[in-house]
Amino acid sequence: FSRITGDFILKNRDADNLSPDSRNVFQSSVRYQQRIGLQTNGFISFINNSCTDDRFSQIYLISNVVRSHVQYNFPYDLSQGSYLVMGGKYSPEHESSAVFSEGKWRLSEHFFSLLAVNYQFDKQTIYQCKTSYYFTPVSECYLHYSVNDSKTMQKTSHFIGIGSSINF
């Protein structure tokens, strides 16, 4: 009823507009999951983002993030694609701590709808909605709409898009 997972990702970025000190990006994470009930799980993650130059001579901290959330999966959806999530993250280096909530519901055999809110204290609030058609269990076409209410730029931006994702 509990699980610990971790991963390490190294990305080498080569672009003229990047500083030589940030060519290599490291992301390491550890995640602890605990089953709370039949349909409810709790998660806590620690994520470290760092970078270095091409020679790996000096490592620079980008950010540390602690993220925690609780997820409830609706029992009517056996694929466990219908859920409610509530949580928060703490990121002191970027002062981008946030609370968030997301819900995804199965509307029919292949259609899902998603609603989400991400509130970053004194920075921005992002609202999202998405309708997806899954032509396989892991591949979708979707219509996405989001609103970004930025407190730092004192303006609101709207985004509407269509897209697809195919996972192998």
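The residue numbering used here restarts from 1 in each chain and proceeds along that chain's sequence as written. For this predicted model, a pLDDT threshold of at least 70 governs which residues receive local features, and a threshold of 80 or more governs which side-chain atom pairs are given and counted, while totals over whole chains, interfaces and linings are taken from all residues. Only hydrogens and water are set aside when side-chain values are computed; all heavy atoms of the structure are taken into account.

Draft legend 1. Looking closely at the overall build of the chain. In DSSP terms, a helix is any run of H or I states spanning at least four residues, a strand is any run of E spanning at least two, and both are numbered starting from the N terminus. When its secondary structure is counted, the chain shows zero helices and 10 strands. Out of the 168 residues in the chain, the part that is buried amounts to 32%. The accessible surface values rely on the Shrake-Rupley method and a 1.4 Å probe; as for residues, cover is taken only from the protein chains in view. Per element, the accessible surface of the chain, about 11200 Å² overall, is 57% carbon and sulfur. Each charge class in the chain was averaged separately, 15 positive and 14 negative side chains, and the resulting centres sit 5 Å apart. Three labels apply to residues, based on accessible area from a 1.4 Å probe with only protein chains included: buried if under 20% of the type maximum, exposed if over 50%, partly exposed otherwise in between. When charges are counted, Lys and Arg are positive and Asp and Glu negative, with His and the chain ends excluded. For the purpose of locating charges, the reference atoms are NZ of Lys, CZ of Arg, CG of Asp and CD of Glu.

Draft legend 2. Structural view of the pairing of strand S6 (residues 98–106). Strands are labelled as partners when DSSP assigns at least two bridges between them. With seven bridges joining them, strand S5 (residues 83–90) and S6 adopt antiparallel strand pairing. Counterpart to Gly87 in the pairing with S6 is Phe100. Note: S6 against strand S7 (residues 111–120), nine bridges, orientation antiparallel. If you follow Val99 over to S7, its bridge partner there is Tyr119. Connecting S6 to the antiparallel partner S7 that follows it, the hairpin turn spans four residues.

Draft legend 3. Region of interest: the pattern of salt bridges. Salt bridges are counted wherever a side-chain nitrogen of Lys or Arg sits within 4 Å of a carboxyl oxygen of Asp or Glu. Inspection of the entire model under this criterion finds two salt bridges. We note a salt bridge from Arg106 to Asp77, for which the minimum N-O separation is 2.9 Å. Here Arg106, found in strand S6, pairs with Asp77, found in the loop between strand S4 (59–73) and S5; they are 29 residues apart in sequence, far enough to count as distant. Between Lys130 and Glu140 there is a salt bridge, and its shortest N-O distance comes to 3.5 Å. Linking Lys130 in strand S8 (residues 124–136) with Glu140 in strand S9 (residues 139–150), this pair joins segments that are 10 residues apart in sequence. Taken individually, Lys130 and Glu140 each receive the classification buried, so the pair is uniform in this respect.

Draft legend 4. Just the nonpolar core, in detail. Grouping buried Ala, Val, Leu, Ile, Met, Phe, Trp, Tyr and Cys residues that are joined through side-chain atoms within 4.5 Å yields what is termed a nonpolar core. Counting residues in each nonpolar core, the largest one holds five residues, listed as Tyr83, Val85, Phe100, Leu114 and Ala116. For this core, the secondary structure elements donating two or more residues are S5 and S7. Two residues form a contact once any of their heavy atoms are found within 4.5 Å. Every residue in contact with Phe100, bar those within four places of it in the chain, is listed here: Arg67, Ser68, His69, Val85, Met86, Gly87, Gly88, Lys89, Val117 and Asn118.

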